[in-house]
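# Inside the fold
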Amino acid sequence: LEKNVAPNLTVLEKKAIMHTIHPLIKELKIDVIEDNVAQSIVSAFAIRNIGTVGGKQLDLMAQSVAQDLTEQFKGFRLTEIVMVIENGAKGMYERDGDLTTVSVELILKWIRRYAETTRKEALHKQRIHEEKEAEKDKEKDRALGELELKKEINRVYAVFLTGKPLNECVNTDYYV
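Residues numbered from 1 in each chain as written. Predicted model: local features only at pLDDT ≥ 70, side-chain atom pairs only at ≥ 80, totals over all residues. Heavy atoms only, no water.

Regarding its fold elements, the protein presents six helices and zero strands. Sorting the 176 residues of the protein into buried and exposed places 33% on the buried side. Of the contacts formed within the protein by residues at least 6 apart in sequence, a portion of 70% connects residues at least 24 apart. (Helix = DSSP H or I, 4+ residues; strand = E, 2+ residues; numbered from the N terminus. Buried < 20%, exposed > 50% of the residue type's maximum accessible area, 1.4 Å probe, protein only. Contact = heavy atoms within 4.5 Å.)

Moving on to unusual backbone geometry. Even without being glycine, Asn49 reaches a positive phi, approximately 55°. Within the secondary structure, Asn49 sits in the loop between α2 (30–48) and α3 (55–72).

Close inspection of predicted coordinates is inappropriate in any region flagged by low pLDDT. Overall, the predicted model of the protein reaches an average pLDDT of 83, with 90% of residues at or above 70. Mean pLDDT per element in the protein: helix α1 (residues 11–18) is the minimum at 71, and α3 is the maximum at 91. (pLDDT = per-residue confidence, 0-100.)

It is worth spelling out helix α4 (residues 78–89) at this point. Here α4 spans 17 Å end to end across twelve residues, near enough to the 16 Å set by a 1.5 Å rise per residue. Gly91 occupies a position one or two residues after α4 and carries a positive phi of about 95°. (Expected span 1.5 Å × (residues − 1).)

Once that is clear, we can look at the packing of α2 against α3. For the pair α2 and α3, the least separation of the axes is 8 Å and the interaxial angle reads 120°. On the basis of the axis angle, α2 is oblique to α3. Seen from above, α2 lies across α3 with right-handed handedness. Packed against α2, whose contacting residues are Ile30, Ile33, Glu34, Val37, Ala38, Ile41, Val42 and Phe45, the element α3 presents Leu58, Met61, Ala62, Gln63, Val65, Ala66, Gln67, Leu69 and Thr70 at the interface. For the contact of α2 with α3, the per-class residue count stands at 13 nonpolar, three polar and one charged. (Axes fitted to C-alpha atoms, helices over the stretch in contact; angles between N-to-C directions. Parallel < 35°, antiparallel > 145°, perpendicular 65-115°, else oblique. Left-handed = near helix turned anticlockwise from the far one by under 90°. Nonpolar A, V, L, I, M, F, W, Y, C, P; charged D, E, K, R; others polar.)

On to the packing of aromatic side chains. One pass over the structure, following the stated rule, counts three aromatic pairs. Ring geometry for Phe73 versus Phe76: centroids 5.4 Å apart, planes at 90°, classification edge-to-face. Classification of Phe76 by relative accessible area gives buried; the value is 7%. Aromatic pair Tyr93 and Tyr114: ring centres 6.0 Å apart, planes at 75°, arrangement edge-to-face. With Tyr93 in the loop between α4 and α5 (104–161) and Tyr114 in helix α5, this pair connects stretches of sequence that are 21 residues apart. Both residues of the pair, Tyr93 and Tyr114, count as buried. (Phe/Tyr/Trp six-rings, centres within 6.5 Å; stacked < 30°, edge-to-face > 60°.)

Of all hydrophobic cores here, the largest spans 31 residues; its most connected members are Val37, Ile41, Leu69, Ile107, Trp110 and Ile111. Elements represented by at least two residues in this core include exactly α2, α3, α4 and α5. The element contributing the most residues to this core is α5, with seven residues. In this structure Trp110 touches Arg48, Val84, Ile85, Gly88, Ala89, Tyr93, Thr101 and Val102, once residues within four positions along its chain are discounted. (Core = buried A, V, L, I, M, F, W, Y, C linked by side-chain atoms within 4.5 Å.)

Attention now moves to the side chain of Asn87. Here Asn87 lies in helix α4. A residue is classified by how much of its surface remains accessible, and Asn87, at 9% relative accessible area, is buried. Excluding its chain neighbours within four sequence positions, the residues that come into contact with Asn87 are Leu12, Met92 and Tyr93.

Set out below in structure tokens:
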């Protein structure tokens, strides 16, 4: 798959495209989503050096984020969401006025910001790359067809020069 990724993508955009090989949020069971989100939240707290989160608070946060993911971001991949939460905690999607904490609201903001910027741009660049590759494939097929036609014309002409009638020289797979 990595060979098919557009070459002009940034590292983050390449990661966004590479995450598309995993199942969609809507294809996963809620407990799998909650478990992964919970681990990401714990990582976010550690990255932000806020302290620890656990127990009921962690469960409620993970459940809330997982519920929002299944409703609003079901076309995303779980690995992508995990990456966004960790990158958000590192400040990659931070804006003025954001608190330096980790909350359900802030996690959802990070996901939206990621979707509006990195993901959107990566998918756009990838689509353009795939269209160019498809055009190259069409051109290769056209050139190959032209070469085959020239070979057949030369073959028919060579047989015709031996004195055979044209209708006997022509291969029935090609129409004159």
